[in-house]
Amino acid sequence: MLTLVATSGSVVFTAGPRSGATSELIHLESPFDPSDLELARRIGRGDRWAEEAFYRRHVQQVVGLAQRLLGNSWDAEDVAQEAFITAFESWSQLRDYERVRAWLMQIAVHKVHRKFRRRRLLRLLGLDRSVDDLPLEALARDDTSLEVRTELLVLDAALKTVPAPCKIAWMLRYVEGLPLDEVAERCECSLATVKRRIATAQQVVGRQVEVAEPGDE
Amino acid sequence: MNKLQAPIGRHLAERVDENAVQRIWSGVRARRQGSLFVRRRGVPVWGWALLASLALLLLGIGGFRYAHAPSPRVEANGPLTLRAGAALSLLGGARASSDDLSDGSTIRLDAGSQLEVLENTSKTFVSALRRGRGSFSVQPGGPRRWTIEAGLLTVEVVGTRFSVTRRETAVVVAVEHGVVLVRSELITDHVQRLTAGQELSVQLPSSLPLPGPSAVAPAERSDSTEKAPELGPNAGPPGVAASLPAVASTPGVGESSVEELLTGANELRKRGDVRGAEASLRRALNEHPSGPQTALVAFTLGKLLLDSAGRPADAALAFQRCLAAAPPSALAEDALFRLAQAQSRAGDAPGASASARRYQGLYPSGRHAADVNQWLLER
């Protein structure tokens, strides 16, 4: 006798006991909720359904990351679209399917760098009409205290004056809470360079806002 | 300085709705299906190539102009001054004025407007728009937190362009660029965030009757000062009697609600009748010595006496009365900070230090922690 027990993300088959035999639990991946690894394999084989499933699973995180780094909803959507397009087009270059999420985020950060460089060029030409409609304070959760909101406002203003590569490194460290080696991986630079960029940003930010170190050193 | 705990992202939410998810996917799918020139914003690739060529041509001119653009100074130390070096205290007058400040900020006042500087340090710049209209262009990235008091509300900014207009029955805040926080007891949740292009008008409710001049007796000091009720844990230093002078009641006038008296006091203050506003608030405290509104009335009286009447010693008593009435935590924090301010301005250095240290202990990450810490360091 077989009993299907649905849990979140997986289906558990319970083999019913035959005379004298003990029951055995067999965990199988549900076809309705494949893992990233399974999706990555299927995308590699050209499965377009798997592409959409992968997209829907990660789009919120990618857009959210871009929103926090760029402070602009339009640019964040642009970056997210470009990131997924690049990811799907260069899927064959992905060596380790188990790290597909980190790889996607690395592509997104790369696109953010490009977006900042483009903005700077447009600003020099006087053609930048973008409006930063999503400062950190605007992204604050509804239950955030007024004191924290005020600090987020101050942080926004301080980060505006920091060069983009330094700002991105600082935010990956202190806003996203990534370890330094992951920050370096996302920024596609050495650990020494990341530390230098973070220190540069911290010189500006630290004058106005005090941020406790993430506890994962 | 307040402390944010990393990862700061714990305080943030992702603002991605289903429309955006669909929009992005449409673009991705179109590209995957071979439409190489589809871009969400509709700028084709050849357009970017043309733009790049134009950029190379204009970059020389743009770079030259950029290099010669005046860069505003950002004053890092000491109080703000006018660009020419004169101190800031009272701005405005019969004529319209425009003042450039030492940090690159600008204050423009319409004719007949008046802006009084209340506090001016390396960390904060607090001013009060007494009347008229002011347009403020606050230098972004500066070290100071700007606060503009405008009667019914307070505007807090960090680098932005906005205007505040103080009218007879309303105060209007309009933001041109950046973000401001507007705080007022008269708006929902007591705070509103305005971004570029947004405007907020805070009005006095017109339905409530205003007390006429005959209904409010002028504030008089009685020989027998009433003792304050027993001070609670949030009150000022022990041993200090928080006594407020009693107000002679006017015979024949019926008791009014706290809301009516509070609203009336605000209206009188807007008209410049500070003594009338004070009398109205004192009457509210006399007629309603305890209740949910007592702390708010006492706090409002303290603000009036400190900011408008120039009587910091009496203001300190009012703030102590507020704290004794066990106010909500946000009001208690502000009242303790204002108490320290009032005691400092009244020359009560030991009292001010004690209040400041009490604030430091109770609100180490509070709204005014940076100012309190700085003030204690300088003493």
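If you're wondering where the values come from, they're calculated on a predicted model, not measured in any experiment. (Residues numbered from 1 in each chain as written. Chains lettered and ligands numbered in written order. Predicted model: local features only at pLDDT ≥ 70, side-chain atom pairs only at ≥ 80, totals over all residues. Heavy atoms only, no water.)

A separate point is the overall build of chain B. Secondary structure assignment for chain B yields nine helices and 13 strands. Here chain B holds 379 residues, and 47% of them are scored as buried. Carbon and sulfur atoms form 53% of the exposed surface of chain B, whose accessible area is close to 18400 Å². (Helix = DSSP H or I, 4+ residues; strand = E, 2+ residues; numbered from the N terminus. Buried < 20%, exposed > 50% of the residue type's maximum accessible area, 1.4 Å probe, protein only. Areas by Shrake-Rupley, 256 points an atom, 1.4 Å probe, with all protein chains shown as cover.)

Once that is clear, we can look at helix H6 (residues 164-174) of chain A. Residue and element names in this part refer to chain A. Along H6, 10 of the 11 residues are buried, which leaves the element largely enclosed by surrounding structure. Within H6, burial applies to Ala 164, Cys 166, Lys 167, Ile 168, Ala 169, Trp 170, Met 171, Leu 172, Arg 173 and Tyr 174. Looking at the packing, one finds that the buried side of H6 touches helix H2 (48-70), helix H4 (100-124), helix H5 (146-160), helix H7 (180-187), helix H8 (191-205) and strand S4 (210-212). (Contact = heavy atoms within 4.5 Å.)

All names here are of chain B. Most of strand S9 (residues 161-166) sits inside the fold, with five of its six residues counted as buried. Sheet analysis places strand S6 (residues 124-137) next to S9, joined by six bridges and oriented antiparallel. Directly across from Ser 135, in S9, lies its bridge partner Ser 163. Across six bridges, S9 lies against strand S10 (residues 170-177) in antiparallel orientation. Counted as the bridge partner of Arg 161 is His 177 from S10. Taking the residues that link successive antiparallel strands as the turn, the S9-S10 hairpin has three residues. (Pairing = 2+ DSSP bridges.)

Turning our attention to the packing of helix H3 (residues 73-89) of chain A against helix H1 (residues 18-32) of chain B. Where H3 of chain A contacts H1 of chain B, the axes come no closer than 9 Å and their chain directions differ by 40 degrees. Every pair of crossing elements has a handedness; the one defined by H3 of chain A and H1 of chain B is right-handed. Contact with H3 of chain A, carried on its side by Glu 77, Ala 80, Gln 81, Glu 82, Phe 84, Ile 85, Phe 88 and Glu 89 of chain A, involves Ala 20, Arg 23, Ile 24, Trp 25, Gly 27, Val 28, Arg 31 and Arg 32 of chain B of H1 of chain B and no other residues of that element. Here the contact of H3 of chain A with H1 of chain B is built from residues that sort into eight nonpolar, two polar and six charged. (Axes fitted to C-alpha atoms, helices over the stretch in contact; angles between N-to-C directions. Left-handed = near helix turned anticlockwise from the far one by under 90°. Nonpolar A, V, L, I, M, F, W, Y, C, P; charged D, E, K, R; others polar.)

Looking now at the interface of chain B and chain A. Tallying the contact residues gives 52 residues for chain B and 63 residues for chain A. Both faces considered, chain B and chain A share a buried interface measuring about 5500 Å² in area, 59% of it formed by carbon and sulfur atoms. Of all residues in chain B, the largest losses of buried area upon contact with chain A belong to Leu 4, Trp 25 and Arg 32 of chain B, amounting jointly to 13% of the total for that side. The tally of links from chain B across to chain A stands at five salt bridges. Here chain B is connected to chain A by 13 residue pairs in polar contact (both at pLDDT 80 or more). For the side of chain B that touches chain A, the elements supplying multiple residues, two or more each, are strand S1 (3-5), H1, helix H2 (45-67), strand S11 (179-183) and strand S12 (191-195) of chain B. Broken down by element, the residue count for the side of chain B that touches chain A peaks at 11 residues, all from H1 of chain B. Taken together, the residues that form the side of chain B that touches chain A break down as 24 nonpolar, 10 polar and 18 charged. (Buried area = accessible area lost by both parts, 1.4 Å probe. Salt bridge = Lys/Arg side-chain N within 4 Å of Asp/Glu carboxyl O. Polar contact = N/O pair within 3.5 Å; in protein donor to acceptor, adjacent residues only side chain to side chain.)

Residues and elements named next belong to chain B. When strand S3 (residues 97-100) meets strand S4 (residues 106-109), the two strands line up antiparallel, connected through four bridges. Paired with Asp 100 across the bridge in S4 is Thr 106. Here S3 hands over to S4 after five residues, with Gly 104 in that stretch at a positive phi of 95 degrees. Pairing of S4 with S6, which is carried by four bridges, proceeds in the antiparallel orientation. For Leu 109, the partnering residue across the bridge sits in S6 and is Gly 134.

What follows covers the environment of Val 175 of chain A. Looking at the secondary structure, you find Val 175 of chain A in the loop between H6 and H7. Remark: the alpha-carbon pair of Val 175 of chain A and Leu 65 of chain A, spanning 110 residues in sequence, is separated by 9.7 Å.

Further remarks concern the nonpolar core. Counting 73 residues, the largest nonpolar core has Phe 54, Phe 84, Phe 88, Trp 91, Leu 155 and Trp 170 of chain A as the members making the most contacts within it. Ranked by residue count, the leading element in this core is H2 of chain A, at 10 residues. The next biggest cluster of nonpolar side chains, apart from the first, holds 40 residues, and it includes Ala 265, Ala 295, Ala 318 and Tyr 363 of chain B. (Core = buried A, V, L, I, M, F, W, Y, C linked by side-chain atoms within 4.5 Å.)

For the rest of this paragraph, the subject is the packing of H2 of chain A against H3 of chain A. The angle between the axes and the distance between the axes are what describe a pair of packed helices. All names here are of chain A. Their axes nearest at 8 Å, the elements H2 and H3 cross at an angle of 140 degrees. By the angle between their axes, H2 is oblique relative to H3. Helix-helix and strand crossings are classified by hand; for H2 and H3 the assignment is right-handed. Of the residues in H3, those touching H2 at Glu 51, Phe 54, Tyr 55, His 58, Val 59, Val 62, Val 63, Ala 66, Gln 67 and Leu 70 are Asp 75, Ala 76, Val 79, Ala 80, Ala 83, Phe 84 and Phe 88. Across the contact of H2 with H3, the residue classes tally to 13 nonpolar, two polar and two charged. (Parallel < 35°, antiparallel > 145°, perpendicular 65-115°, else oblique.)

Attention now goes to the state of the cysteines. A covalent bond between the sulfur atoms of two cysteines is what we call a disulfide. Residues and elements named next belong to chain A. Considering all chains together, one arrives at zero disulfides over all chains under this definition. Free of any disulfide, Cys 166 has its nearest cysteine sulfur in Cys 187, 9.9 Å distant. In this structure Cys 166 comes out as buried when scored by relative accessible area, which is 10%. Of all cysteine sulfurs in the structure, the one in Cys 189 sits closest to Cys 187, which takes part in no disulfide; the separation is 5.1 Å. (Disulfide = S-S within 2.5 Å.)

The next subject is the packing of aromatic side chains. Summed over all chains, the structure comprises 13 aromatic pairs over all chains. With a centroid separation of 5.1 Å and 50 degrees between ring planes, the pair formed by Tyr 359 of chain B and Tyr 363 of chain B is classed as tilted. In this structure, Tyr 359 of chain B and Tyr 363 of chain B share a single accessibility class: buried. Each member of the aromatic cluster is reached from another via a ring pair, and the members are Phe 54, Tyr 55, Phe 84, Phe 88, Trp 91 and Trp 103 of chain A together with Trp 25 of chain B. Directly above the ring of Trp 74 of chain A sits Arg 23 of chain B, whose terminal nitrogen or CZ lies 6.0 Å from the centroid. (Phe/Tyr/Trp six-rings, centres within 6.5 Å; stacked < 30°, edge-to-face > 60°. Lys NZ or Arg CZ within 6 Å of the ring centre and 35° of its normal.)

Here H1 of chain B is 15 residues long and its end C-alpha atoms lie 21 Å apart, about the 21 Å a rise of 1.5 Å per residue gives. Turning to H1 of chain B, its buried residues number three or more, namely Ala 20, Val 21, Ile 24, Trp 25, Gly 27, Val 28, Ala 30, Arg 31 and Arg 32 of chain B. Contacts made by the buried residues of H1 of chain B are with H2 and H3 of chain A. (Expected span 1.5 Å × (residues − 1).)

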